[in-house]
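The lines below spell out each chain.
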Protein chains: 2
Amino acid sequence: MFLSMRSDRVTQADRRARSRNALLESAARGLSRYGYGNLVLEQVATDAGYTRGALYHQFKDKQDLTLAVLEWILQTWTEEVGVLVEKESEPVAALLALARGHAVFCRRDIARVAVALRLEFSGQDHVIGRAVEDAYELLVKRCVRLINAGRKAGAIPPGPPTRSLALAFLGAFEGAVIALDGQAPHDELLAARAAAGVLGLDPLTATRRP
Amino acid sequence: MFLSMRSDRVTQADRRARSRNALLESAARGLSRYGYGNLVLEQVATDAGYTRGALYHQFKDKQDLTLAVLEWILQTWTEEVGVLVEKESEPVAALLALARGHAVFCRRDIARVAVALRLEFSGQDHVIGRAVEDAYELLVKRCVRLINAGRKAGAIPPGPPTRSLALAFLGAFEGAVIALDGQAPHDELLAARAAAGVLGLDPLTATRRP
DNA sequence: GAACCTACATACGCGTCTGTATGTTTCTGA
DNA sequence: TCAGAAACATACAGACGCGTATGTAGGTTC
């Protein structure tokens, strides 16, 4: 019993979780850089310090691995960015917090996974494409609600349909963040400015921190 | 002589040009939808009404075809969007014309070729990646000059480094345009708003047409 | 410590896609 | 009108990457 607790002897569950995490992280990097089609599982495994055997022991196939990466990323996004949005009571403040938080979140090298997958599978009837679209749709709906609330409160001027506005809102700051590629600290400010601009708000006053 | 001019008998040069165009267009659609890695030449040829034999007769290989598509798109972009920018004398007006023009340009299904290739090859030492980056760099430089001019004239407020601003500027309206996916007429307005926001201009006054 | 289970490695079959080599049709020019 | 060239189709070879089958080392349970 004591022997089995020695630090160099790890439990099976720990061992499994450790390699799973390493594989997920490696796969996320790979997906972010090369996309799904160009992702080579041999490379993913090697980068994580394993072989393809370990990968296929933990994941059913390439698709299963990708879905796991997606789920993993969405969860961390919710934990890190979602909570920032929740904290804000004003709709406009929440939307700008979303843009800022996303910029900070994307400073890691896994930033482009969602965008890459969405571009690669958009308009196709594919499991992965649907998974990304579904997650994205939730985000769009959330923005639609916030924008509607902001308009009702008079904080956001009338204009294009709410859904179009939400799509452009997300696309704009996402595009800015990817283009800046983690250039702190400007990424945060410029993402917020892009977001404010789409919403029809004066970017300089909207992004002035209290 | 007369017989050779009959409408159902086309000259070899015409024939060549016609099939080349068909192949280029088909390849552009494919690249836009699936990216380089997932592009299947058999599909490209079939969509254009040919076989891979015709394709390999006109283009050296997949890479050559892709570079030709890129060149073709850049040229039409210059003809359709570039001229709009040239016409404006004020830097800010030129930048907003760029955003608007790009939105209109991207209503076609070849919109995402450049973005897809840039995402797929960014950070890699690949001929295609360099070609896209080089073209993009020219555009960035152009924006840098316009932004500098705008700042000198007092039309654009000071802030982040010009290059960062230019990158975010391009990324923001490009992202918005892709997200809207050709939803006329909102794409044009919202692209301009995103662009104005990044530059620090009030989007409502900046996008008010004269 | 013996039997069992789990984590991981190695080896191979198979399909897919690219590029080339060779055959067939269509046009051109003397 | 016919020989040659260009456009295009078909057939084949090689590479690559996925998934699976099988072997081995390390951990767990009794």
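Residues numbered from 1 in each chain as written. Chains lettered and ligands numbered in written order. Predicted model: local features only at pLDDT ≥ 70, side-chain atom pairs only at ≥ 80, totals over all residues. Heavy atoms only, no water.

**Quick notes on the interface of chain B and chain A**
Our working definition: Any two residues whose heavy atoms approach within 4.5 Å are treated as being in contact. Any Lys or Arg side-chain nitrogen found within 4 Å of a carboxyl oxygen on Asp or Glu counts as a salt bridge. Two N or O atoms form a polar contact when they lie within 3.5 Å of each other; inside protein one atom must be a possible hydrogen donor and the other a possible acceptor, and for residues adjacent in sequence the pair counts only when both atoms belong to side chains. Each helix is a run of DSSP H or I of at least 4 residues and each strand a run of E of at least 2, with the numbering of both proceeding from the N terminus. Under the convention adopted here, Pro, Cys and the residues Ala, Val, Leu, Ile, Met, Phe, Trp and Tyr are nonpolar, Asp, Glu, Lys and Arg are charged, and Gly plus all remaining residues are polar.
Residue-level contacts link 39 residues of chain B with 39 residues of chain A. The tally of links between chain B and chain A comes to zero salt bridges. If you look at where chain B meets chain A, you find eight residue pairs in polar contact (both at pLDDT 80 or more). Mapped onto the side of chain B that touches chain A, the elements with two or more residues apiece are α1 (12–34), α6 (113–121), α8 (162–180), α9 (186–199) and α10 (203–206) of chain B. Residue classes in the side of chain B that touches chain A are distributed as 23 nonpolar, 11 polar and five charged.

**Side note on the confidence of the model for chain A**
For residues with low pLDDT, the predicted coordinates do not support detailed interpretation. Residues and elements named next belong to chain A. Condition: Within a predicted model, pLDDT stands for the predictor's per-residue confidence, ranging from 0 to 100.
Per-residue confidence for chain A gives a mean pLDDT of 92, with 95% of residues at or over 70. Helix α1 (residues 12–34) is the least confidently modelled element of chain A, averaging 90 in pLDDT, while helix α9 (residues 186–199) averages 98, the highest of any element. When the criterion is pLDDT under 50, residues 1–8 qualifies, and its contacts beyond four places in sequence or with other chains add up to two contacts.

**Thoughts on the side chain of S164 of chain A**
For clarity, the threshold we go by: Buried, partly exposed and exposed residues are distinguished by accessible area as a fraction of the type maximum, computed with a 1.4 Å probe on protein chains only: under 20%, between the cut-offs, and over 50%, respectively.
On the secondary structure map, S164 of chain A appears in helix α8 (residues 162–180). Exposure remark for S164 of chain A: the relative accessible area of 6% places this residue in the buried category. Setting aside residues no more than four positions away along its own chain, S164 of chain A makes contact with L180, Q183, H186 and L190 of chain B.

**Observations concerning the state of the cysteines**
All names here are of chain A. As a reminder of what qualifies: Here, the term disulfide refers to a pair of cysteine sulfur atoms separated by no more than 2.5 Å.
Summed over the entire model, instances satisfying the criterion amount to zero disulfides over all chains. Of all cysteine sulfurs, the one in C106 lies closest to C143, which takes part in no disulfide; the gap is 14 Å. Given a relative accessible area of 1%, C143 falls into the buried group.

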